[in-house]
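# Reading the structure
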Amino acid sequence: MATIEECRSALDKLSENMAGADGDVRSAAALDRSLSCHITDLDITFAGRLQDGRIEVLDTVQGPPPNKAEIRLTMAGDDLVALVNGELHFAKAWGAGRVRLEAGLRDLLRLRKLL
C-alpha cells in the first residue's frame, strides 16, 4: 500500500509532467479549477487547484473531501502511483472502477486529452 508521502510525490510528478507538456495536453491542463484527490485506502484527501498547467496541493485532510471541488478524483494510493508511473492506463482503471473522475461536462471533455 502506497504511503501518504508516495501519493503526494506522485501528484507532484503529475504536476511536473503536465507543466512540461505541449500541444493538446498543455491546453487541456490550462484550466483553473479546484481539485481534490481522495485516496480511499488511506482515507485522506489532497485538496488544491489545477492552475496554469500545474497541480498545487493546498491541504491534506483526513477523510473524504470537505468541500466539493470542481474536479474530483477518487482512487487507491497504489493506483495513483501506478497511473503516474505509466504502469496503469487511466481508461482501463476507470472502466474497471478503480479510478473515479467527476467534473462538469466541459471539463471532462478537456481532461480526456490528459488521460
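Residues numbered from 1 in each chain as written. Predicted model: local features only at pLDDT ≥ 70, side-chain atom pairs only at ≥ 80, totals over all residues. Heavy atoms only, no water.

## Quick notes on unusual backbone geometry
Unusually for a residue other than glycine, D43 sits at a positive phi of about 50°. In this fold, D43 is placed in the loop between β1 (33-39) and β2 (44-51). With phi around 55°, D52 is a residue other than glycine that occupies positive phi space. Within the secondary structure, D52 sits in the loop between β2 and β3 (54-62). (Helix = DSSP H or I, 4+ residues; strand = E, 2+ residues; numbered from the N terminus.)

## What to know about the UniProt feature "domain: SCP2" (unreviewed entry) in the chain
The positions UniProt marks with the feature "domain: SCP2" (unreviewed entry) are residues 32-102. Secondary structure within residues 32-102 divides into 20% helix and 46% strand; the distance between the first and last C-alpha atoms comes to 16 Å. (UniProt positions renumbered as here; feature names shortened; annotations may be inferred.)

## Observations regarding empty space enclosed by the protein
Summed over the entire model, instances satisfying the criterion amount to one cavity of 30 Å³ or more. Lining the largest cavity we find L11, L35, S36, C37, F46, A47, G48, I55 and V57. The set of elements that each furnish at least two residues to the lining of the largest cavity consists of β1, β2 and β3. Partitioning the lining of the largest cavity into residue classes produces seven nonpolar, two polar and no charged. (1 Å grid on protein atoms, 1.4 Å probe; cavity = no way out; pocket = protein on both sides within 12 Å on 5 of 7 lines; lining within 4 Å. Points joined across faces, edges and corners; volume = space filled by probe spheres on them. Nonpolar A, V, L, I, M, F, W, Y, C, P; charged D, E, K, R; others polar.)

## Here we look at the pairing of β2
Note that β1 and β2 share seven bridges and pair antiparallel. In the strand pairing of β2, R33 is matched with L50. As consecutive antiparallel partners, β1 and β2 are separated by four residues, and within that stretch D43 has a phi angle of approximately 50°, a positive value. Pairing analysis gives eight bridges linking β2 to β3, with the strands arranged antiparallel. When the bridges of β3 are listed, T45 appears paired with V61. Here β2 hands over to β3 after two residues, with D52 in that stretch at a positive phi of 55°. (Pairing = 2+ DSSP bridges.)

## Looking at the sheet that holds strand β5 (residues 99-103)
Overall, mixed pairing links the five strands, which are arranged β3-β2-β1-β4-β5 in an open sheet. Looking at which strands have only one partner, the edges of the open sheet turn out to be β3 and β5. This sheet shows a mean twist of 20° between the axes of neighbouring strands, independent of strand direction. Strands in contact with helix α1 (residues 4-19) are β1, β2 and β3; relative to β3, the strand with the most contacts, it is inclined by about 160°. (Axes fitted to C-alpha atoms, helices over the stretch in contact; angles between N-to-C directions. Contact = heavy atoms within 4.5 Å.)

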